[in-house]
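Residues per chain are reported as follows:
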Amino acid sequence: MEQKFCQSCGMPLTDEILGTNADGSKNEEYCIYCYKDGAFTGDFTMEEMVEFCSQFVDEFNKNTGQNLGREEYKAMLRQYYPTLKRWQLPADELPHATSPIKQQLIEEVNALDIEDMPKIDNLFVLQGSFINMEYHINGNTVKFLDDNANYWGNQVEKQGVEGRCFGIACDEHYILVTEYGKDGADAEIVVVKRRG
């Protein structure tokens, strides 16, 4: 059987990660991280998609046995992406990311007004297993997210502190904001907030 790839980010497509159309049916061209409910999950230029996906170079290297640096991976993506359907469509034909819950979550995260966290202007669909970090609380190691669920999320650099980031994970019930170092080291919970 021929391997299909997401026509937005280039990820290999499997039944578990197929995007969804507006009617809830599976979309055979895009992954769930790029395409949900009949629209792209992020309004990107191709260069912005290259920049976003380049943070997953370690995952790419692990799956392919290669040892690319981030800049080498970006160069590869810049050559590959023009062959994908999304980047061949005229801008006015792209289904834009206008999910009402996404906009609501962006507003709610920004309203938390967390010190040293820049305001966010976008959220992306991320798989729980990819962002589910371990936290040490009262001598126990715990995880808060469901590895098999999808979340609206983002990562932003902490202002004024090199090497530290904020991670955001939201769904219809909760907002989780964490702070961590490279590769999720020294992860700390900043906010867990029940929505509504």
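Check the entry above for the structure.
I will try to describe carefully the structure that is included in this document. (Residues numbered from 1 in each chain as written. Predicted model: local features only at pLDDT ≥ 70, side-chain atom pairs only at ≥ 80, totals over all residues. Heavy atoms only, no water.)

### Some words on the overall build of the protein chain
Along the backbone of the protein chain there are five helices and 11 strands. For 196 residues, the compact-globule estimate of 2.2 N^0.38 gives 16 Å, and the protein chain sits close to it at 17 Å. Dimensions of the protein chain, computed from the C-alpha atoms along their principal axes, are close to 50 × 40 × 30 Å. Taken across its 196 residues, the protein chain has 43% of its residues classed as buried. Contacts in the protein chain between residues far apart in sequence, at least 24 positions, make up 46% of those at least 6 positions apart. Carbon together with sulfur atoms contributes 48% to the accessible area of the protein chain, which is approximately 11400 Å² in total. Distance between charge centres in the protein chain, computed from 18 positive and 34 negative side chains, equals 2 Å. (Helix = DSSP H or I, 4+ residues; strand = E, 2+ residues; numbered from the N terminus. Rg over C-alpha atoms; globule rule 2.2 N^0.38 Å. Buried < 20%, exposed > 50% of the residue type's maximum accessible area, 1.4 Å probe, protein only. Contact = heavy atoms within 4.5 Å. Areas by Shrake-Rupley, 256 points an atom, 1.4 Å probe, with all protein chains shown as cover. Lys, Arg positive; Asp, Glu negative; His and termini not counted. Charge placed at Lys NZ, Arg CZ, Asp CG, Glu CD.)

### Observations concerning the side chain of Lys74
Within the element layout of this structure, Lys74 appears in helix H3 (residues 70-80). Look past the residues within four positions of Lys74 in its chain and what remains in contact with it is Val50, Glu51 and Ser54.

### Some points on the packing of helix H1 (residues 46-53) against H3
The interhelical angle for the contact between H1 and H3, taken along N-to-C directions, is 145°, at an axis separation of 9 Å. Crossing handedness for the pair H1 and H3: right-handed. Residues Met46, Glu47, Val50, Glu51 and Cys53 of H1 touch H3, and the partners they reach there are Arg70, Tyr73, Lys74, Leu77 and Arg78. Classifying every residue of the contact of H1 with H3 gives five nonpolar, no polar and five charged. (Axes fitted to C-alpha atoms, helices over the stretch in contact; angles between N-to-C directions. Left-handed = near helix turned anticlockwise from the far one by under 90°. Nonpolar A, V, L, I, M, F, W, Y, C, P; charged D, E, K, R; others polar.)

### Looking at a nonpolar patch on the surface
Taken together, the side chains of Ile137, Phe144, Tyr174, Ile189 and Val192 make up a nonpolar region of the molecular surface, amounting to roughly 400 Å² of accessible area. Within the fold, Ile189 resides in strand S11 (residues 188-194). Its relative accessible area of 31% is what places Ile189 among the partly exposed residues. (Patch = residues over 30% accessible without salt bridge, like charges linked within 9 Å, V, L, I, M, F, W, Y side chains within 5 Å. Salt bridge = Lys/Arg side-chain N within 4 Å of Asp/Glu carboxyl O.)

### Some thoughts on the packing of aromatic side chains
Counted according to the given criterion, the structure contains eight aromatic pairs. Taken together, Tyr30, Tyr35 and Phe40 form an aromatic cluster joined through their ring pairs. If you follow Arg86 out to its NZ or CZ, it ends over the ring of Phe40, 3.8 Å from the centre. (Phe/Tyr/Trp six-rings, centres within 6.5 Å; stacked < 30°, edge-to-face > 60°. Lys NZ or Arg CZ within 6 Å of the ring centre and 35° of its normal.)

### A short note on the nonpolar core
Ranked by size, the top nonpolar core spans 53 residues in total, and within it Cys9, Cys31, Met49, Tyr81, Met117, Ile168 and Val177 carry the most contacts. Discounting chain neighbours no more than four positions away, the residues touching Met49 are Ser8, Cys9, Cys34, Phe44, Tyr81, Arg86 and Trp87. (Core = buried A, V, L, I, M, F, W, Y, C linked by side-chain atoms within 4.5 Å.)

### A closer look at the sheet that holds strand S5 (residues 124-127)
Strands in a sheet are paired, the pairing made by backbone hydrogen bonds, and the direction either parallel or antiparallel. One open sheet accounts for five strands, arranged S5-S8-S9-S10-S11; its pairing is antiparallel. The sheet terminates laterally at S5 and S11, the two strands that pair on one side only. With direction set aside, neighbouring strand axes in the sheet form an average angle of 30°. (Pairing = 2+ DSSP bridges.)

### Details of unusual backbone geometry
The phi angle of most residues is negative, glycine excepted, and most peptide bonds adopt the trans form. Although it is not a glycine, Asp37 adopts a positive phi angle of roughly 55°. Counting through the fold element by element, Asp37 comes out in the loop between strand S3 (35-36) and strand S4 (39-40). Notably, Asp116 is not glycine yet its phi reads approximately 70°, a positive angle. Along the chain, Asp116 turns up in the loop between helix H4 (100-111) and S5.

### What about the environment of Ile17?
With respect to the helices and strands, the residue Ile17 is situated in the segment before strand S1 (18-20). Given the relative accessible area of 12%, Ile17 is considered buried. C-alpha separation for the pair Ile17 and Tyr30, spaced 13 residues apart in sequence, amounts to 8.7 Å. Each residue touching Ile17, except ones within four places of it in the same chain, is listed here: Met11, Pro12, Tyr30, Cys31, Ile32 and Tyr33.

### As for the side chain of Ser54
By secondary structure assignment, the location of Ser54 is in the loop between H1 and helix H2 (57-64). Look at Ser54 and you get buried, because its relative accessible area is 0%. One polar contact links Ser54 to Arg70, side chain to side chain, over a distance of 2.8 Å. Setting aside chain neighbours within four positions, we find Ser54 in contact with Arg70, Tyr73, Lys74 and Leu77. (Polar contact = N/O pair within 3.5 Å; in protein donor to acceptor, adjacent residues only side chain to side chain.)

The values are spatial; any link to function lies outside them.
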